[in-house]
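Each chain is listed here by its residues.
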Amino acid sequence: MLNWFKKIALLEGISYLFLWFIAMPFKYFAEYPILVSYTGMIHGILTIFYVIFLILLKDERKWTIKECFIILFASFIPFGTFWVDKKYLNQSA
């Protein structure tokens, strides 16, 4: 399950960066909003899976509530899920 969470975290992080740095500029500067619609939907689905896997892995990884909130909050920050992968997901159980 950890490997799935790592993959989801990576994809969620990439989709968030794409949304912020490619789709949003296209929407506002090129008047091409369709990228935000598709990227936003994909990112939303990945975020839901990110939260579900976080909840499922909490006990297995013995994360505290504070660590869970940090991992969750990181998904709202660009590059946050990459930091989570390095800090929390590459540690031994």
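Residues numbered from 1 in each chain as written. Predicted model: local features only at pLDDT ≥ 70, side-chain atom pairs only at ≥ 80, totals over all residues. Heavy atoms only, no water.

Caption draft 1: Region of the structure containing the overall build of the chain. For the chain, the count of helices and strands is four helices and zero strands. Secondary structure elements of the chain occur, N-terminal to C-terminal, as α-α-α-α. Projected onto its principal axes, the C-alpha positions of the chain cover 45 × 20 × 20 Å. Counting contacts in the chain only where the partners sit at least 6 residues apart, residues at least 24 apart contribute 63% of the total. Carbon and sulfur atoms form 73% of the exposed surface of the chain, whose accessible area is close to 6,200 Å². (Helix = DSSP H or I, 4+ residues; strand = E, 2+ residues; numbered from the N terminus. Contact = heavy atoms within 4.5 Å. Areas by Shrake-Rupley, 256 points an atom, 1.4 Å probe, with all protein chains shown as cover.)

Caption draft 2: Just the packing of helix H3 (residues 65-74) against helix H4 (residues 80-89), in detail. Where H3 meets H4, the closest approach of the two axes is 8 Å, and the angle between their N-to-C directions is 145 degrees. Where H3 approaches H4, its residues Glu67, Ile70, Ile71 and Ala74 are matched on the opposing element by Gly80, Thr81, Trp83, Val84 and Tyr88. (Axes fitted to C-alpha atoms, helices over the stretch in contact; angles between N-to-C directions.)

Caption draft 3: Looking closely at H4. Turning to H4, its buried residues are Gly80, Thr81, Val84, Tyr88 and Leu89. Looking straight down H4, one finds that the buried residues subtend no more than 105 degrees of arc, so they occupy a single side. Next to the buried residues of H4 lie helix H1 (2-29), helix H2 (34-61) and H3. (Buried < 20%, exposed > 50% of the residue type's maximum accessible area, 1.4 Å probe, protein only. Arc of directions from axis to C-beta.)

Caption draft 4: Representation of the packing of aromatic side chains in the model. A full pass over the atoms with the stated rule returns six aromatic pairs. Residues Phe26 and Tyr32 carry aromatic rings whose centres are separated by 6.4 Å and whose planes lie at 65 degrees to one another, so their mutual orientation is edge-to-face. Here Tyr32 falls in the partly exposed class, since its relative accessible area comes to 44%. Aromatic side chains Trp83 and Tyr88 sit 5.8 Å apart centroid to centroid with 80 degrees between the ring planes, which places their arrangement in the edge-to-face category. Taking relative accessible area as the criterion, Trp83 reaches 39% and is therefore assigned partly exposed. Assessed through its relative accessible area of 6%, Tyr88 is described here as buried. Cluster of aromatic residues (ring-pair linked, three or more members): Phe5, Tyr50 and Trp63. (Phe/Tyr/Trp six-rings, centres within 6.5 Å; stacked < 30°, edge-to-face > 60°.)

Caption draft 5: The arrangement of the environment of Val36 in detail. Its location among the elements puts Val36 in helix H2. Sequence spacing of Val36 and Ala23 is 13 residues, and the spatial spacing of their C-alpha atoms is 5.2 Å. Those residues within four positions of Val36 in sequence are excluded, and the remaining contacts are Leu19, Ala23, Met24, Lys27 and Met41.

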